[in-house]
Amino acid sequence: MDGHTVTPHVFGGAATKSALGDRLREVWVMHLPSTRAKVANVARAVELLGAPGAAITDPAFVRARGQLHQLHGATAAFGHREAEQVVLEIQELFRAVVGGAPADVARLRELCDELRRRIEVH
Amino acid sequence: MSIAFDRHAAGPVPTESAPPIRRNGVAAAAVTCVVVDDHALLREGMRLGLEANGIEVLGEAGDGTEAMELVRRLRPAVVLLDMRLPGEDGAHVAQRITEEGLGVRTLIVSAYAEPAIVARALEHGSHGYLSKDAPIAMVAAAVRSIAGGKRFVDPGVAGRLLCEEGTLSEREVEVLEMMSRGMQNMTIAHELGISVETVKAHVSRVMGKLGGESRTEAVAIALRSGLIF
């Protein structure tokens, strides 16, 4: 961690200091271990893509794509716009790989690191 | 996953499994719903947001099978469905719910906003479609609207759907613009040089495509979607 912090917004809306906002922040934090695990799975899939003989049918890559979709929904719904943008870029690069393009592993690694930071709430 | 999991007994441990039925002191007359999403974080956030907006969340499910079981047992007014679910997708679950004739209506809440996916959900009988980044107040409004027998499509999504798929013909857009200026069918017919019956058919198709229950609502949706200015 680099100390970067994220202030979560009220679910799908503008940030407020409401009780609902506090509860939602608690929920986000409570689920952080699971969210971190999903990001870790995505990062592992990126490393697989960089390995010789990488296949997009690899179950780890398929699972990572599914978890990226969940991360997209979660970051969008909880108003983590920066994290959502990072997820969208990873999804775009994954789609390109599925479409036959070589994996931009260096960029994907950067994005995974960025995502790790963006999901943290203190 | 099992709907027998008891969240209260197990304590606040995050899990991907769906928790049980819940009633949280929301007014008895509140609109009721069930939330279906394979992501526990999403279900939890959605439940909190809906309850804060006066919607009673009767239960949560993580997949279509659980959803069907809860719907049959609880008969909520509305089921909120993620599009991407394990096993069968939200559109298919919406279709099954409609086909069972339980009087339960459905709203897809999805991260997908691609027109083809939205169109598929609506074609399968879903009564509404919202993006996951929709403000929770809009989600609650959509649930109320759908529970009241109306349809509700995220304005941004509706705009993309109609523009990218070209499902509104040029003539229909013309009619829509005239409707937005408050013109009645006879006036529109005179202006366009077509029969009143033809105008009525255009108006009906426009309302159907936009999901509006009235001329005014259709115009409002079109304005919010940027289809007309």
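Above this text you will find the structure in question.
What comes next is a walk through the structure. Everything numeric here is computed off the predicted structure, so don't read it as measured data.

A separate point is the overall build of chain B. A count of helices and strands for chain B gives 11 helices and 6 strands. Within chain B, the proportion of its 229 residues that are buried is 54%. Sequence-distant contacts in chain B: of pairs separated by 6 or more residues, those separated by 24 or more amount to 62%. Split by element, the accessible area of chain B, about 9500 Å² in all, is 52% carbon and sulfur.

Turning next to the sheet that holds strand S4 (residues 105–110) of chain B. Adjacent strands of a sheet pair through backbone hydrogen bonds, lying either parallel or antiparallel. Residue and element names in this part refer to chain B. Pairing is parallel in the open sheet, where 6 strands are placed in the order S2-S1-S3-S4-S5-S6. The open sheet has two edge strands, strand S2 (56–61) and strand S6 (152–153), and neither has a second partner. Alignment of strand S1 (residues 32–36) against S2, held across 5 bridges, turns out to be parallel. For Thr32, the partnering residue across the bridge sits in S2 and is Glu56. Set on the sheet, helix H2 (residues 40–52) makes contact with S1, S2, strand S3 (78–81) and S4; between it and S2 the angle comes to about 170 degrees. Docked against the sheet, helix H6 (residues 136–147) engages S3, S4, strand S5 (128–131) and S6, running at close to 160 degrees with respect to S4.

So, on to the interface of chain B and chain A. Each partner contributes residues to the interface: chain B has 24 residues there, and chain A has 25 residues. Taken over both partners, the interface formed by chain B and chain A buries close to 2000 Å², and the fraction arising from carbon and sulfur atoms is 69%. There are 0 salt bridges connecting chain B and chain A. Between the two partners, chain B and chain A, sit 1 residue pair in polar contact (both at pLDDT 80 or more). With 9 residues, H2 of chain B is the single largest residue contributor to the side of chain B that touches chain A. Tallied by class, residues from the side of chain B that touches chain A come to 13 nonpolar, 4 polar and 7 charged.

A separate point is the packing of helix H8 (residues 170–180) of chain B against helix H9 (residues 185–192) of chain B. The relative placement of two packed helices comes down to the angle between their axes together with the axis-to-axis distance. Residue and element names in this part refer to chain B. Running from amino to carboxyl end, H8 crosses H9 at an angle of 130 degrees, the nearest separation of the two axes being 10 Å. As far as their axial angle goes, H9 and H8 are oblique. Our pair here, H8 against H9, has a crossing hand that is right-handed. Contacts between H8 and H9 involve Arg171, Glu174, Val175, Met178 and Met179 from the former and Ile188, Glu191 and Leu192 from the latter. Taken together, the residues that form the contact of H8 with H9 break down as 5 nonpolar, no polar and 3 charged.

Turning next to the pattern of salt bridges. Residue and element names in this part refer to chain A. Per the counting criterion, the structure on display carries 20 salt bridges over all chains. Put simply, Glu84 and Arg81 hold a salt bridge, and the shortest N to O gap is 3.4 Å. Pair noted here: Glu84 and Arg81 are both in helix H4 (residues 81–98), with a separation of 3 residues, about one helical turn. When its relative accessible area of 29% is taken as the criterion, Arg81 is described as partly exposed. Linking Arg107 and Glu89 is a salt bridge whose minimum nitrogen-to-oxygen distance equals 2.9 Å. Taken as a pair, Arg107 in helix H5 (residues 105–118) and Glu89 in helix H4 lie far apart in primary sequence, 18 residues in all.

Another aspect to go through is helix H2 (residues 32–50) of chain A. Compared with the 27 Å implied by 1.5 Å per residue over 19 residues, the 27 Å span of H2 of chain A between its first and last C-alpha is a close match. Taken together, the buried positions of H2 of chain A are Leu32, Thr35, Lys38, Val39, Asn41, Val42, Ala43, Ala45, Val46 and Leu49 of chain A. Contacts from the buried residues of H2 of chain A go to helix H1 (19–30), helix H3 (59–77), H4 and H5 of chain A together with H2 of chain B.

Of all hydrophobic cores here, the largest spans 34 residues; its most connected members are Trp28, Val42, Ile90, Phe94 and Leu115 of chain A. When residues of this core are traced back to their parent elements, those giving at least two are H1, H2, H3, H4 and H5 of chain A together with H2 of chain B. For this core, the element with the most residues is H2 of chain A, which contributes 7 residues. With residues up to four places along the chain from it excluded, the contact list for Leu115 of chain A reads Val39, Leu71, Ala83, Val86, Val87 and Ile90 of chain A. By size, the runner-up hydrophobic cluster in this structure holds 26 residues, among which are Val71, Ala113, Ala121 and Val157 of chain B.

One can find Thr106 of chain B in strand S4. The residues touching Thr106 of chain B, leaving out its near neighbours within four places in the chain, are Val79, Leu81, Ala94, Ile97, Gly125, Ser126, His127, Gly128 and Ile146 of chain B.

On to the environment of Lys209 of chain B, then. Residue and element names in this part refer to chain B. Within the secondary structure, Lys209 is located in helix H10 (residues 196–210). Look at Lys209 and you get partly exposed, because its relative accessible area is 33%. With 41 residues separating them along the chain, Lys209 and Leu168 place their C-alpha atoms 7.6 Å apart.

Rules of the game
Residues numbered from 1 in each chain as written. Chains lettered and ligands numbered in written order. Predicted model: local features only at pLDDT ≥ 70, side-chain atom pairs only at ≥ 80, totals over all residues. Heavy atoms only, no water. Helix = DSSP H or I, 4+ residues; strand = E, 2+ residues; numbered from the N terminus. Buried < 20%, exposed > 50% of the residue type's maximum accessible area, 1.4 Å probe, protein only. Contact = heavy atoms within 4.5 Å. Areas by Shrake-Rupley, 256 points an atom, 1.4 Å probe, with all protein chains shown as cover. Pairing = 2+ DSSP bridges. Axes fitted to C-alpha atoms, helices over the stretch in contact; angles between N-to-C directions. Buried area = accessible area lost by both parts, 1.4 Å probe. Salt bridge = Lys/Arg side-chain N within 4 Å of Asp/Glu carboxyl O. Polar contact = N/O pair within 3.5 Å; in protein donor to acceptor, adjacent residues only side chain to side chain. Nonpolar A, V, L, I, M, F, W, Y, C, P; charged D, E, K, R; others polar. Parallel < 35°, antiparallel > 145°, perpendicular 65-115°, else oblique. Left-handed = near helix turned anticlockwise from the far one by under 90°. Expected span 1.5 Å × (residues − 1). Core = buried A, V, L, I, M, F, W, Y, C linked by side-chain atoms within 4.5 Å.

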